[in-house]
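Survey of secondary and tertiary structure
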Amino acid sequence: MRQSNWTEKKIAEILAKGYGSGSGASYKPWLEVTDFSSSGRSRRVFGLKTGRIHHLFSDVEFDIFLAAEWSRSVVDIREQYPLDRDLSQTVAQELKIQHPCYPGTRVPTVMTVDFLLTVVEHGGKRLVALNAKRDEEAEEENSLAKLEIQRTYFEKLEIEHYLIYHSQIPKQKVMNIAWIRDAQLKPGEVEPRPGYFAALCSRMSRELMAPTYANISLADYCQSFDERHGLEAGSGLRVARMLIQELSLSVNLESKDLTRESLGSVMMTSRPGQLRAFGGV
């Protein structure tokens, strides 16, 4: 746990270890779940997009993370990203706001933004900073002061900055994304044989290119898929979710139960390996 006895020497040591730097799989967040004695709603989540563990400190952060990971325009997700202290202190002075310090010290806090996303659209790349808050935090004076420092900080750097409250998150979409991503291969998970799920994805995608099953639900089709191919119950539904994650299958993320959607409304967009990227949350 690092959240005690902060000194300038300690901050320099943490910076030297690479915390708050890197990108993709090499990025090390400035704050980690293990830095706090009580984790609360904190969680460590393996990133399908980055290939590393993400450290998330609230349900709001988790929901935003799921939405960012699903969006095909977001190519990197860096959570608990540290602000440059010299610039954040300069901004605080200009705004006549007291810069936060570590409890019991006069050491200026290394402020962090919840997410720094790298977004690629129309052939261009840009950074987007996001802060996640619960609705009840909207009127907290200290929280608002810190947000004003961050807003001006990113404005100076010409980086887009947004504040997202929990009530603004499309909850049904995020719940469906969580259900879809839960079917993906987990770190360390061993397939029955190499390429097992890739082969099943190819088989299912070939079947769904034909109109034969258009009038039955996804759940009924997947049960039939299991029975026809001698698979363990639930295998077909997992494969279908893998195809949805790949965007080989297009679904309505606002559906309250994707398993009950008819295959006529679940559109094949491509074969595995020939994926068409589209849309976001």
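Predicted model, so just to flag it, every value in this text is computed and none were measured.

About the thresholds
- Residues numbered from 1 in each chain as written.
- Predicted model: local features only at pLDDT ≥ 70, side-chain atom pairs only at ≥ 80, totals over all residues.
- Heavy atoms only, no water.
- Pairing = 2+ DSSP bridges.
- Helix = DSSP H or I, 4+ residues; strand = E, 2+ residues; numbered from the N terminus.
- Axes fitted to C-alpha atoms, helices over the stretch in contact; angles between N-to-C directions.
- Buried < 20%, exposed > 50% of the residue type's maximum accessible area, 1.4 Å probe, protein only.
- Contact = heavy atoms within 4.5 Å.
- Polar contact = N/O pair within 3.5 Å; in protein donor to acceptor, adjacent residues only side chain to side chain.
- Core = buried A, V, L, I, M, F, W, Y, C linked by side-chain atoms within 4.5 Å.

1. Focus: the sheet that holds strand β5 (residues 124–133)
Reading across the sheet, the four strands line up as β3-β4-β5-β6 and stay open at both edges, with mixed pairing between neighbours. In the strand order of this sheet, the two ends are held by β3 (74–82) and β6 (160–165), each with one partner. Here the average twist between neighbouring strands, direction ignored, is 25°. Direction of pairing for β3 relative to strand β4 (residues 112–121): antiparallel, over a ladder of seven bridges. Each bridged residue has a counterpart across the sheet, and for R78 the counterpart in β4 is L116.

2. Structural notes on the environment of R126
Structurally, the position occupied by R126 is in strand β5. A residue is classified by how much of its surface remains accessible, and R126, at 32% relative accessible area, is partly exposed. Spatially, the C-alpha atom of R126 lies 28 Å from that of R43, the residues being 83 residues apart in sequence. Beyond its immediate stretch of four places on either side in the chain, R126 contacts L117, T118, V119, E121 and E160. A distance of 2.7 Å separates the side chain of R126 from the side chain of E121, its partner in a polar contact. Side-chain polar atoms of R126 contact the side chain of E160, separated by 2.5 Å.

3. Overview of the nonpolar core
In this structure, I64, F115, L117, M204 and Y221 are the most contacted members of the largest nonpolar core, which totals 46 residues. Those elements that place two or more of their residues in this core are α2 (59–70), β3, β4, β5, α5 (171–181), α6 (196–208), α7 (218–228) and α8 (235–246). With seven residues, the top contributor of residues to this core is α2. Those residues in contact with F115 that sit more than four places away from it in its chain are L56, E61, I64, F65, I77, R78, E79, V128, A129 and L130. Membership of the second largest hydrophobic core comes to eleven residues, among which are V91, V113, L116 and A129.

4. Structural notes on unusual backbone geometry
Within the chain, H122 stands out as a residue other than glycine whose phi angle is a positive 55°. Along the chain, the position of H122 falls in the loop between β4 and β5. Using a relative accessible area of 85% as the deciding quantity, one classes H122 as exposed. Of note, the phi angle at E158 is positive, near 60°, even though the residue is not glycine. Topologically, E158 is positioned in the loop between α4 (141–156) and β6.

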